Amino acid sequence: MSGDEINPAAVAQAVEDVQGDDRWMSQHTRFVQECKDAEPEVLFIGDSMVQLMQQYEIWRELFSPLHALNFGIGGDTTCNVLWRLQNGELDNIRPKVTVVWVGTNNHEHSAEQVAGGILAIAQLLTSRLPKTKVVVLGLLARGDGPNPLREKNAAVNGFLRSWLPRLGQAQFLDVGAGFVHSDGTISTRDMFDFLHLTAAGYRAIAKPLSDLLLQILDETPEEKRASLV
Amino acid sequence: MSSEDSNPAATPTPGVDTQGDGRWMSLHNHFVSNSKDKEPDVLFVGDSLVQLLYQFEVWQDLFSPLHALNFGVGGDATQHVLWRLSNGELGHISPKVVVLWVGTNNHGHTAEQICGGIMAIVQLIKDKLPKAYTLVLGVLPRGKMPNPLRERNAQVNKLVQEAVSSLPHASLLNVDPGFVHSDGSISHQDLYDYLHLTPQGYQAVCQPLHAHLKGLLEKQAEN
């Protein structure tokens with residue numbers, strides 16, 4: 001990132017209630033409450049790609065057993081996730097791994113800005129939870145055929161690949177392989193609206209992700225509750 | 001409503017690609033070409049509540065056996081569904097029943113306008129498929145606690161109920177099993193973001209819907 005310019009994708013911002021039923025704030029409030037009651041080993045945070053995963057069987061099969069919490073909200077940008085993390089969604093929990101999946105909704109920002117916003121989220125997580133490992137999922141391709149958003153998301157992933165390793169506890173995981181066919185199309189069998197994953201689409205990405213999570217959880221020594229301040 | 005031009009909810013309007021990947025039109029084209037070799041008895045059309053239904057097991061269990069097609073598009077308001085049905089999505093099929101579920105995304109429109117939009121769709125279906133029956137599903141409550149959108153949606157349902165009461169080819173079915181609790185709250189176990197249904201929420205909605213549909217199909221077969 002050049003100069004002293006502020007990256008707008010790294011500025012925390014709540015979602016304004018324009019529709020009139022305050023659903024974003026209701027979901028955030030519920031997540032803050034969940035932090036009071038739960039002791040998750042894994043925290044998922046991000047946009048609808050995270051949120052929708054919990055509605056499919058795959059969540060109960062692979063991630064509930066890992067004591068995972070799901071703090072996904074549809075439509076969220078990096079700015080919204082930053083705001084939520086700064087306003088209670090990390091209070092009282094000590095997950096060993098945090099999975100971050102956000103960026104595809106940052107329509108006002110450039111690829112570099114989006115990657116910077118994701119990096120800011122990873123930095124916030126490692127500073128608030130010094131012992132957590134952060135796994136950042138790559139942005140998936142989207143749209144029926146080739147289009148500028150695919151190029152943008154791929155560029156975001158490119159920046160993340162080189163920047164994330166500099167944060168010792170963070171790593172990048174690309175789960176997008178195989179979605180774009182040789183003719184450049186994406187199938188509605190994988191993404192029912194060329195953006196959101198079907199059950200089959202989630203099954204494809206969940207395996208490498210859960211393998212990685214199991215590996216990290218295996219490597220992380222158990223903390224005694226008494227030693228937590 | 002004097003003319004459809006004065007009601008934006010009843011004026012066919014394609015989705016606009018604001019994001020840059022043309023997904024709305026891709027989906028529409030996909031539905032048009034998808035319908036060319038299918039012979040559905042039931043067509044589901046509407047917004048994300050229709051679209052998401054297709055993703056869960058309840059679709060395979062209850063609606064695939066009825067030979068149903070799903071033309072749901074997330075974010076669609078009445079004017080978008082009107083455009084899609086006017087531009088090819090009814091071109092190659094003759095379903096016996098059309099299940100219409102739309103209206104919750106008509107932001108900025110009044111309940112009267114939304115009702116007008118729904119009735120415009122009902123009329124369009126009658127024009128294009130003279131033998132089909134249109135089952136309009138009531139718009140569900142939304143938001144964690146009472147709010148103006150719940151009132152608007154309830155008013156839409158009331159107005160549509162009145163408008164279809166004199167029509168032999170359409171009716172309104174209330175599919176809300178009682179999502180709003182006595183304290184006015186909606187649970188995330190039913191509507192995971194206080195708008196979209198969980199698989200559990202869909203089960204509660206779809207059991208009575210399925211029974212009603214089967215009854216309608218049997219009646220259509222007798223005619």
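Owing to the predicted nature of the structure, the values given are computational and were not obtained by experimental measurement.

I'd like a rundown of the interface of chain B and chain A, residues and numbers included.
Between chain B and chain A, the contact holds 26 residues from the first and 25 residues from the second. Regarding the contact of chain B and chain A, the summed buried area is about 2300 Å², with carbon and sulfur atoms giving 56% of it. Of all residues in chain B, B:Arg23, B:Gln55 and B:Tyr192 bury the most surface against chain A, accounting for 25% of the area lost on that side. Taken together, chain B and chain A are joined by 10 residue pairs in polar contact (both at pLDDT 80 or more). Of all the secondary structure elements, the ones that give two or more residues to the side of chain B that touches chain A are α1 (23-34), α2 (48-53) and α6 (148-164) of chain B. Examining the composition of the side of chain B that touches chain A, we find that 4 residues originate from one element, α1(B), more than from any other. Among the residues forming the side of chain B that touches chain A, the class breakdown is 9 nonpolar, 11 polar and 6 charged.

Break down the pairing of strand β5 (residues 170-173) of chain A for me, citing the residues and quoting the values.
Residue and element names in this part refer to chain A. Bridge analysis of strand β4 (residues 133-137) against β5 gives 4 bridges, and the strand direction is parallel. Bridge pairing in β5 links Leu-137 to Leu-173. Crossover β4 to β5 through helix α6 (residues 148-163) is right-handed.

Give a description of empty space enclosed by the protein that names residues and reports values.
One way to see where empty space is left: roll a probe the size of a water molecule over the atoms. For the coordinates displayed, the defined rule picks out 2 cavities of 30 Å³ or more. There is about 80 Å³ of room inside the largest cavity. Taken together, A:Asp47, A:Met49, A:Trp101, A:Val102, A:Gly103, A:Thr104, A:Leu139, A:Leu140, A:Ala141, A:Arg142, A:Asn153 and A:Leu195 make up the full set of residues lining the largest cavity. The residue makeup of the lining of the largest cavity, split by class, is 7 nonpolar, 3 polar and 2 charged. Its volume calculated, the second largest cavity comes out at about 40 Å³. If you go around the second largest cavity, the residues you meet are B:Asp47, B:Leu49, B:Trp101, B:Val102, B:Gly103, B:Thr104, B:Val139 and B:Leu140. Split by residue class, the lining of the second largest cavity holds 5 nonpolar, 2 polar and 1 charged.

Summarise the side chain of B:Arg152; cite the residues concerned and give the values.
For B:Arg152, the position within the fold is in helix α6. The charged side chain of B:Arg152 is buried without a salt bridge, its nearest counter-charge being A:Asp21 at 7.6 Å. When sequence neighbours within four positions are dropped, the list of residues in contact with B:Arg152 reads B:Gly103, B:Thr104, B:Asn106, B:His107, B:His109, B:Ala111, B:Ile114 and B:Arg142.

Please provide a residue-by-residue account of the packing of aromatic side chains, values included.
Per the counting criterion, the structure on display carries 15 aromatic pairs over all chains. For the pair A:Phe159 and A:Trp163, a centre-to-centre distance of 5.1 Å together with 35° between the ring planes defines the contact as tilted. Here the residue A:Phe159 and the residue A:Trp163 both occupy positions in helix α6, the gap between them amounting to 4 residues, near one helical turn. You can call A:Phe159 partly exposed: its relative accessible area is 26%. When the centroid spacing of 5.5 Å and the interplanar angle of 55° are considered together, the rings of B:Trp24 and B:Trp83 count as tilted. Pair noted here: B:Trp24 is in helix α1 and B:Trp83 is in helix α4 (residues 78-86), with a separation of 59 residues, a long-range link. Members of the aromatic cluster, each reached through a chain of ring pairs, are A:Tyr56, A:Tyr202, B:Phe56 and B:Tyr202.

Can you tell me about the confidence of the model for chain A, naming the residues and giving the values?
Summarising the model, chain A shows a mean pLDDT of 94, and 94% of its residues fall at 70 or more. Here residues 224-229 of chain A is modelled with pLDDT under 50, and outside its nearest four sequence neighbours on either side it reaches 4 contacts, counting other chains as well.

I'd like a rundown of the sheet that holds strand β2 (residues 68-72) of chain A, residues and numbers included.
Residues and elements named next belong to chain A. Pairing is parallel across the open sheet formed by 5 strands, whose spatial order is β2-β1-β3-β4-β5. Strand pairing shows two members of the sheet lacking a second neighbour, β2 and β5, which therefore form its edges. Here the average twist between neighbouring strands, direction ignored, is 20°. Docked against the sheet, helix α7 (residues 199-219) engages β1 (42-46), β3 (97-101), β4 and β5, running at close to 150° with respect to β3.

The rules behind the values
Residues numbered from 1 in each chain as written. Chains lettered and ligands numbered in written order. Predicted model: local features only at pLDDT ≥ 70, side-chain atom pairs only at ≥ 80, totals over all residues. Heavy atoms only, no water. Contact = heavy atoms within 4.5 Å. Buried area = accessible area lost by both parts, 1.4 Å probe. Polar contact = N/O pair within 3.5 Å; in protein donor to acceptor, adjacent residues only side chain to side chain. Helix = DSSP H or I, 4+ residues; strand = E, 2+ residues; numbered from the N terminus. Nonpolar A, V, L, I, M, F, W, Y, C, P; charged D, E, K, R; others polar. Pairing = 2+ DSSP bridges. Right-handed = clockwise from strand over helix to strand, strands pointing away. 1 Å grid on protein atoms, 1.4 Å probe; cavity = no way out; pocket = protein on both sides within 12 Å on 5 of 7 lines; lining within 4 Å. Points joined across faces, edges and corners; volume = space filled by probe spheres on them. Buried < 20%, exposed > 50% of the residue type's maximum accessible area, 1.4 Å probe, protein only. Lys, Arg positive; Asp, Glu negative; His and termini not counted. Salt bridge = Lys/Arg side-chain N within 4 Å of Asp/Glu carboxyl O. Phe/Tyr/Trp six-rings, centres within 6.5 Å; stacked < 30°, edge-to-face > 60°. pLDDT = per-residue confidence, 0-100. Axes fitted to C-alpha atoms, helices over the stretch in contact; angles between N-to-C directions.

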